[in-house]
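Fold and geometry: a report
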Amino acid sequence: MTPSYRNSRDIRQLGINPHCWYVVSSSQEVTSSPVGVILWNQSIVLFRDTQGKINALEDRCPHRQVKLSHGKAIGDEIECIYHGWRFNGGGDCAYVPYLQENQKPPKCGIKTYPVRELYGFIWLFIGEEKPDIEPLEIPEWEHLNYIATVATIHTQAHYSFLIENLMDMYHGHLHQNWQAWTEAQLDYITETDNKVDAYYEAQSYYKIDKIWSIAQLFFPPLRKLHPERLTVSYIYPHWYSTLGEDFKIYCLLCPISVSETRAYLIHFTSLNAFWRLHKLPVKFRQFIKNSLFGCAQKMLDGLVEEDVRMIEEEQQAYQKHPQRRGYELNKAIASVQRVMKKQAIAN
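Residues numbered from 1 in each chain as written. Predicted model: local features only at pLDDT ≥ 70, side-chain atom pairs only at ≥ 80, totals over all residues. Heavy atoms only, no water.

Let us look at the confidence of the model for the chain. When pLDDT is averaged along the chain, the result is 89; 91% of the residues meet or exceed 70. For the stretch residues 1-8, pLDDT sits under 50, and the model shows nine contacts to residues farther than four places along the chain or on other chains. (pLDDT = per-residue confidence, 0-100. Contact = heavy atoms within 4.5 Å.)

With that settled, consider empty space enclosed by the protein. Here the structure, examined in full by the defined rule, presents two cavities of 30 Å³ or more. Of the volumes computed, that of the second largest cavity is approximately 30 Å³. Residue lining of the second largest cavity: Ile-16, Tyr-22, Tyr-159, Ile-163, Tyr-234, Tyr-236, Pro-237, Leu-253 and Pro-255, and that is the complete set. Sorting the residues of the lining of the second largest cavity by element identifies α1 (159-167) and β16 (247-257) as the ones contributing at least two each. Residue composition of the lining of the second largest cavity, grouped by class: nine nonpolar, no polar and no charged. (1 Å grid on protein atoms, 1.4 Å probe; cavity = no way out; pocket = protein on both sides within 12 Å on 5 of 7 lines; lining within 4 Å. Points joined across faces, edges and corners; volume = space filled by probe spheres on them. Helix = DSSP H or I, 4+ residues; strand = E, 2+ residues; numbered from the N terminus. Nonpolar A, V, L, I, M, F, W, Y, C, P; charged D, E, K, R; others polar.)

Here Ile-54 lies in strand β4 (residues 54-58). According to the relative accessible area criterion, Ile-54 is buried, its value standing at 5%. Distance in space between the C-alpha atoms of Ile-54 and Val-115 is 7.1 Å, their sequence separation being 61 residues. With near-sequence residues (within four places) excluded, Ile-54 lies in contact with Val-30, Leu-46, Phe-47, Arg-48, Val-115, Glu-117 and Ile-122. (Buried < 20%, exposed > 50% of the residue type's maximum accessible area, 1.4 Å probe, protein only.)

Next up on the list: the sheet that holds strand β10 (residues 121-125). Two strands in a sheet stick together by hydrogen bonds in their backbones, pointing the same way (parallel) or opposite ways (antiparallel). Pairing within the open sheet is antiparallel, and its three strands lie in the order β1-β10-β9. Both outer strands of the open sheet, β1 (21-26) and β9 (115-118), are each paired with one neighbouring strand and no more. Within this sheet the neighbouring strands show an average axis-to-axis angle of 30°, counted without direction. Of the pairings in the sheet, the one linking β9 to β10 comprises four bridges and is antiparallel in character. What sits directly across from Arg-116, in β10, is Trp-123. (Pairing = 2+ DSSP bridges. Axes fitted to C-alpha atoms, helices over the stretch in contact; angles between N-to-C directions.)

In structure tokens, the structure reads:
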């Protein structure tokens, strides 16, 4: 059982800024059947209508309070599994199978949420006001010169532990079997109210400069260390990094609760160095992009597994001794903690 903590300034007890777009699912996970997700303690059901559009409703039938995600989509409506009540995308009750002729469906609308399907993911906005911002841009998703690999992170830990792990490039020591970089040295940091950029100098194992160099992604003996700039950025609530000119990674956050976090990690390998490839027909380049999707899966899954183990140990240690503090030497961690507190407290 998680202890109750009184310190509202405790970074491990911070809530989220609801006035942001969060990623709750990949597009592939939402098919013809409703899908239940949780975003910061709010249960939400996603379902597609007959046009393929995503609808997001509170995951609760107002009749008996059971989950609508247990039901099914009927045309442009979602049907509760218990009594067959149906609700449209606007959250209104549209049909009750046992209504009398002189009865109308009850006015028991349920909460709806702004939702966007973009870059292969489902983005949700749970703020009370209409969103006046856009989801984080991921231009590499559609760009023909970038090959994507996606991994899911699901950890029983507060989201701050994940963000700190991603911002701290000194932890490359952990990834002896999957290491893409080593010898990171923090150069400098820039910080605003909603963003931290940390610039490291590092040694990289990868360089994509010739067609045969792609082979090093699959055969470690072909890799040679060389210096690269390693930049990691926390733009609340998400994260991304660049390693030289060839690799970029995004982490899209879905904080579930104070002790559980889900996220999607997207790794992009650049083909920009192959100028001859750019002259080929678009359809052929799209075929190459699609065929190579997931080429870094083994490495990405390995990195995630090792990171999650450490993050959950941090969470467990915190729960046993919430007043105990570690000795932190990386200044980037203090910066991201300030941003998290500003965003959570201001909202």
